Amino acid sequence: MKSWPHAWVMGAVVAGIMAGGVANAGTKAWTGLGADDYWNTALNWTNSNAPNPDGGDTVRFTNAWTADFVNRLDTNYTLTSLIYSNSSLVNTHTTDLNGFALTVTNQLNAGYMQSNTLAVMTNGTLVLGTNNSSASVYVGYATAGTFLSNSLTIAGPVVVSNLNLLYVGVNNNGSPGGKAGGQLTFGTSINSMGAPNSLVVGSLLVGADPSAAANHGGGALGTLVLPPTLTNLQVGTLRVGYSFCWGGYASIGLVDIGSNSALQSLTVSNEFSLAANGGRLGQIGYLSSTGFVNFLPTNGLTLTIGSTQAAANIMIADMAFYAGSSLESTGRLSLVNGSFVGFLNNVGIGTSDDTANGGGRGLLDLSGCTNFVCNTRSDCFVANSLILGGGRLTSPSARGGNSQGTLLLPASVTNLEVGTLRLGCGGFWNEANASIGYLGFGTNSQLQSLTASNEFSLGTRSGVGRIGYTNAGGPFVDFLPTNLTLKVGSSNSPAVMNIGYCDINAGVVASGRVVLAKGAFIANLASNNVLV
């Protein structure tokens, strides 16, 4: 096996990135009929037409092999696309980079509209995208039908120059039915745009659907395994376990960062979704001997959601498009000894549509944050809407039963400002189908101001809405700090206020409670929309 100094390899990578396209690029399919396993052996390719190292070809490994096989690079290559696709549950395509660099400028596919594709890339550097071309990676992707058991392992270092999409177990079916499944494993290191141990990607979907349409996709199963050395993960849209389809096809997404993860920064600029839009399970953490563990490192990680350019949405445990089953959406995220930086639009935790049996079970625990900033303001929570337990904001007529959402904020937060606040606003037929919303600040809360400019609702339909704190293992205690100012509505717009209001079957109880002691209540309320 050839061996090359690392500096020479990286120099070749840069040279490949800067090179322009070469004429006569085409699709080259592997046959493996040559006397050796090298890419430059003509008989290893259909029509004895080997790929041009700088030609921008598309290379395909699509045979249904009956045994494992290896193909080896003989130099650095720049491809438009690289496609792995076979139909074997046990046999693996292995691409031995042989100490060289392989650049993919457009698409890297493993199991694109195909089941049982097992592929490994090893012993060299994979480069994704160039300064002038963004790449996309698909592992287990479907637009129709069922395509499962796809896996790609990248055992060597990865250099990301320009990565648009990273899709793992993604089902983009436009009609009900079908499934997609995939696992992508990064083995050693990822560098993005010159930053070591960093992954930057436009959209990261794991066990998800790129569409938010009703009854679209579903049945997506995805696992992304990142190297524990990764310190920075930066994405535009993050969907982990996203989408549900009629017939019980719920999606599951897992992002494994490792129990010894060195992650220091997780940034999501547009959308942060865990088990959302009907997804059954969305988790970030690591796989242990007893199962998957929800986990973020406690080494001072900074979680940033949104940006100064645009506010982002957070959806955790959002059951949508219920189809008569008892499936639940489950999502949990906790940040301890870290910093939270937010530019937030709508926040929904533990929400649902018209569900009698299923629903969302969600938790966002930020109580252990050592630094908390929203809209560049320290110790403030600011959002357009905050929905904890109950109907989705996008479905105002939904009954939103069987859902529970909890948001725990650090005691240092002094101001909470939202347009719409709904806690436990949902239910179906009776208390057994009630939704529950908990907003916790801690026993030593420094909260001075709570403002809801459009709506302030706690416990409607058959729901339960609570503000306060929990003692370890004890019940939730209704509580607001003394001398707090509670503002509902504004001088320009009267607000809706509902506390413990039931509008469904007779005899059903809704529960909401607010206790304000030695504080101030300032309100501009719509005369026909105050229900207590």
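Quick caveat, the model's predicted, so the values are computed rather than measured.

(A) Quick look at the pairing of strand β33 (residues 404-408). The buried fraction of β33 amounts to four of the five residues, a majority that puts the element mostly inside the structure. Judged from the five bridges that link them, β33 and strand β35 (residues 436-440) form a sheet pairing that is parallel. By the bridge assignment, Gln-404 is partnered in β35 with Ile-436.

(B) Region of interest: empty space enclosed by the protein. For the structure on display, the rule yields two cavities of 30 Å³ or more. The computed volume of the largest cavity comes to approximately 50 Å³. Lining the largest cavity we find Leu-204, Leu-233, Leu-238, Val-255, Ile-257, Leu-263, Leu-266 and Ile-284. Considering only residue class, the lining of the largest cavity consists of eight nonpolar, no polar and no charged. There is about 30 Å³ of room inside the second largest cavity. Together, Ile-467, Asp-478, Phe-479, Leu-480, Arg-513, Val-514 and Val-515 line the second largest cavity. Among the residues forming the lining of the second largest cavity, the class breakdown is five nonpolar, no polar and two charged.

(C) How the structure looks around the packing of aromatic side chains. In the structure shown here, the tally under the stated rule is 18 aromatic pairs. For the pair Trp-30 and Phe-69, a centre-to-centre distance of 6.3 Å together with 20 degrees between the ring planes defines the contact as stacked. Residue Trp-30 is found in the loop between β1 (27-29) and β2 (57-61), and its partner Phe-69 is found in strand β3 (residues 69-72); the two are separated by 39 residues along the sequence. In terms of burial, Trp-30 and Phe-69 fall into one category: buried. Taken together, a centroid distance of 6.2 Å and an interplanar angle of 45 degrees make the contact between Phe-61 and Phe-69 tilted. Each member of the pair, Phe-61 as well as Phe-69, is classed as buried. Every member of this aromatic cluster is reached through a ring pair, and the members are Trp-30, Trp-39, Trp-45, Phe-61, Phe-69, Tyr-77 and Tyr-84. The positively charged end of Arg-239 is found above the aromatic ring belonging to Tyr-242, 4.0 Å away from the centroid.

(D) Focus on the pattern of salt bridges. Summed over the entire model, instances satisfying the criterion amount to eight salt bridges. Here Arg-377 makes a salt bridge to Glu-417, at a shortest N to O gap of 2.9 Å. In this pair, Arg-377 sits in strand β31 (residues 377-378) while Glu-417 sits in strand β34 (residues 415-425), placing the two residues 40 residues apart along the sequence. Here Arg-377 falls in the partly exposed class, since its relative accessible area comes to 33%. Across the pair Glu-455 and Arg-422 runs a salt bridge, and its minimum N-O distance is 3.1 Å. A residue pair is termed long-range when its members are at least 10 positions apart, and Glu-455 in strand β36 (residues 449-460) and Arg-422 in strand β34 qualify at 33 residues. Here Arg-422 falls in the buried class, since its relative accessible area comes to 16%. One network of salt bridges, with partners in common, ties together Asp-37, Arg-72 and Asp-96.

(E) Fine view of unusual backbone geometry. At Asn-197, a residue that is not glycine, the phi angle is positive and equals roughly 55 degrees. Here Asn-197 lies in the loop between β14 (190-192) and β15 (198-208). With a relative accessible area of 25%, Asn-197 lands in the partly exposed category. Even without a glycine there, the phi angle at Asn-483 is positive, about 70 degrees. Here Asn-483 shows up in the loop between β38 (476-478) and β39 (485-488). In this structure Asn-483 comes out as exposed when scored by relative accessible area, which is 55%.

(F) Expanded view of the pairing of β2. Most of β2 is tucked away: four of the five residues are buried. Across three bridges, β1 lies against β2 in parallel orientation. Considered in β2, the bridge of Lys-28 is made with Val-59. Pairing analysis gives five bridges linking β2 to strand β4 (residues 77-84), with the strands arranged parallel. The residue of β4 that forms the bridge with Asp-57 is Leu-79.

(G) Broad picture of the state of the cysteines. By the definition in use, this model includes zero disulfides. Cysteine Cys-374 remains unbridged, with the sulfur of Cys-380 as its closest cysteine sulfur at 8.0 Å.

Definitions and limits used
Residues numbered from 1 in each chain as written. Predicted model: local features only at pLDDT ≥ 70, side-chain atom pairs only at ≥ 80, totals over all residues. Heavy atoms only, no water. Buried < 20%, exposed > 50% of the residue type's maximum accessible area, 1.4 Å probe, protein only. Helix = DSSP H or I, 4+ residues; strand = E, 2+ residues; numbered from the N terminus. Pairing = 2+ DSSP bridges. 1 Å grid on protein atoms, 1.4 Å probe; cavity = no way out; pocket = protein on both sides within 12 Å on 5 of 7 lines; lining within 4 Å. Points joined across faces, edges and corners; volume = space filled by probe spheres on them. Nonpolar A, V, L, I, M, F, W, Y, C, P; charged D, E, K, R; others polar. Phe/Tyr/Trp six-rings, centres within 6.5 Å; stacked < 30°, edge-to-face > 60°. Lys NZ or Arg CZ within 6 Å of the ring centre and 35° of its normal. Salt bridge = Lys/Arg side-chain N within 4 Å of Asp/Glu carboxyl O. Disulfide = S-S within 2.5 Å.

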